[in-house]
Structures are given as C-alpha cells and as structure tokens.
Amino acid sequence: MSKLNGTIFMPPVLTLIGIPGLESVQFWIGIPFCAMYIIALFGNCLLLVIIKSERSLHEPMYLFLAMLGATDIALSTCILPKMLGIFWFHLPDIYFDACLFQMWLIHTFQCIESGILLAMALDRYVAICDPLRHATIFTYHLLTQIGMGVTLRAALLVAPCLILIKCRLKHFRTTVVSHSYCEHMAIVKLAAEDIRVNKIYGLFVAFTILGFDIIFITLSYIRIFITVFNLPQREARLKAFNTCIAHICVFLEFYLLGFFSFFTHRFGFHIPPYIHILLSNLYLLVPPLLNPIVYGVKTKQIRDRVSKVFHSKDSS
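Every value quoted in this text rests on a predicted model; they were computed, and no experiment measured them.

Visitor: Looking at this structure, I do not really get the packing of helix α2 (residues 60-89) against helix α5 (residues 140-168). What am I missing?
Guide: The axes of two packed helices give the description: the angle between them and the distance between them. At a minimum axis separation of 11 Å, α2 and α5 run at an interaxial angle of 25 degrees. As judged from the angle between their axes, α2 and α5 are roughly parallel. Crossing handedness for the pair α2 and α5: right-handed. Where α2 abuts α5, its residues P60, L63, F64 and M67 lie against Y140, L143, I146 and G147. When the residues that make up the contact of α2 with α5 are grouped by side-chain class, the tally is seven nonpolar, one polar and no charged.

Visitor: Mind showing me how you'd approach the UniProt feature "transmembrane region" (unreviewed entry) in the chain here?
Guide: According to UniProt, the feature "transmembrane region" (unreviewed entry) maps to residues 27-50, 62-89, 101-122, 142-165, 200-222, 243-263 and 275-297 in the numbering used here. Split by type, residues 142-165 is 100% helix and 0% strand. Its first and last C-alpha atoms lie 36 Å apart. Span residues 200-222 is 100% helix and 0% strand, its end C-alpha atoms 31 Å apart.

Visitor: Even after reading the chapter, I still don't get the packing of α2 against helix α9 (residues 273-298), so can you show me in this structure?
Guide: At a minimum axis distance of 9 Å, the contact between α2 and α9 shows a crossing angle of 145 degrees. With respect to the hand of their crossing, α2 and α9 are arranged in left-handed fashion. Residue-level contacts link L65, L68, D72, L75, S76, I79, L80 and M83 of α2 to N281, L284, L285, P287, P288, N291 and Y295 of α9. Across the contact of α2 with α9, the residue classes break down as 11 nonpolar, three polar and one charged.

Each value, and the rule that gives it
- Residues numbered from 1 in each chain as written.
- Predicted model: local features only at pLDDT ≥ 70, side-chain atom pairs only at ≥ 80, totals over all residues.
- Heavy atoms only, no water.
- Axes fitted to C-alpha atoms, helices over the stretch in contact; angles between N-to-C directions.
- Helix = DSSP H or I, 4+ residues; strand = E, 2+ residues; numbered from the N terminus.
- Parallel < 35°, antiparallel > 145°, perpendicular 65-115°, else oblique.
- Left-handed = near helix turned anticlockwise from the far one by under 90°.
- Contact = heavy atoms within 4.5 Å.
- Nonpolar A, V, L, I, M, F, W, Y, C, P; charged D, E, K, R; others polar.
- UniProt positions renumbered as here; feature names shortened; annotations may be inferred.

In structure tokens form, the structure reads like this:
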C-alpha cells in the first residue's frame, strides 16, 4: 500500500469502524441486533419449511412469500456476522475486494426484495381484479421467470457500481469506512478522485429499481382499492381487503425505512452520523424480522399451520 500526496493507492484492506460516535456502547448494541437476527432467521426458516411441506400453500402468493423469506435470510446474513465481529470481537478489517463483494450482495438482495414485493402486488391485483384468470396467468412457469427476472435485474444493475469503484477509483484519502458494513456511498466517499459518475450511477440504480417498483405497486393498489370498494357485499370487501393488509404492512415497512435511510445518508448533512448508520442497519434488519411475523399473524393458513406444528410438539 503506497501513499502519494497524502492519498493511499489501491488499499488492499479497509477498516469498518461500526457506528461512529457509539464505539463505546457497540458491544451492547450488538445484543439486540443479534437477537433480531436470530428471530428473523428462525421465523423465515419456519416460513419456508411450512410453505414447502404444506401442499395447500403451493400458490403464487405463498411461493412469492417463500422467495421473500429466502431473500431476507440472505440479506441479513450478509451483514450481521461481520457486524458482530466489529461490535464484539474488535475485528474491523476487511479485504477491499471482500468489501466490494459484500456491497454487491447487499444491494443486489435489496433490489431482489423490491422486485418480489412488486410481483406480490401484481399477484394481488390479478387475484382481486381479474380472479377468473389468476390461475392461468400466474403459472409455475411465470413464477420461475419472475424469480429469475428480478434476480438478474438486480445483479446486472448493481454490478456496475462495483466495477466503477474498482476501475475508476485508485486513490483514497483514508481506509477507514465510517459504517458497520460495506455500503456503496460509504466506500465511494473515501476516494480522493472525482466521484460524480459513481454517485450518479448509484442514484440511477436506486430510482430505476425502487422508483419503478413503487410506482407500479402504488398503481396496483389504487386499482385494487377501487375494485374492493365497488364490491356489493360488505363481507366480500372485508375478505378481499384482509388478503392485502399483510402485503401493505410489508411494503410500507420496507420502502419507508429504505427511503428514510437513503435520503438521510445522502442529504441529511446536519443529522449525526450515528443516526445514519443506525437507520441503515435497521433498514436491513427490521424487514427480515417483521415479515414472517406480519404474514404469520395476518395470514390464516400460515397461522393455522404454525399453531399445528407447535401444538403437535406440545402433545408429544
């Protein structure tokens, strides 16, 4: 690692400091974070096992939910082991290439999750607005194509972020990353060179994927609400609306946390750095924690299956 004019050329190792300003209490912050991860891991694994073992749940809505659960497991696992290594075992160093790979995984899984939420909204749209064609439209073949499509879209759009850092940015002011995981802008801001292209492309990916998905999710639910409120029977309206409540909660939780974290990180110059980092951490840990709980509480088929699993264990 060589230095030129106070800059560092192609550093092989970066240092993640965790949560700047809260280093003295990071050990204690790691405890609830670890608990959230364990609960999220248990809840999503239980959800996957139930959906796989129960043939009556092999429907598009539940298969999309299984995709969401698998993505949540992967997303939280990308960040928490290293984060706890920083908080508990004082292991802040990470190889530069490993940091870029972690960054690519995190942002790819975030984009995949957004795509799955869009697919779930479209599934509810067809199920409520055109129920007679739902089975013919959402076939297993289409579900496979959607899964592959959202994965490829995310992986290919996020990959240039990694390439632009690796190929364009050679000199860095410091190797200390003021974050608890490898986030795109946190790495880019270390560079001593012009980073406008990196920032513009990062914004392009965020608005292309999240902006596109939010627009179509919103349009789907506007159409769903119009259809539901036009149903003649009150019971039918309540039943149709009830099938959407869990989805709406998950959408709001994911996108509100995401946008709050996104804008405070880029434009909240007067907000303390530890607030930025805590919000970023919660954005990646809270949805995997809450998603299986929301669907377990609001979806009768899953709720009944979970109670049956634990009831059988108690009986034995």
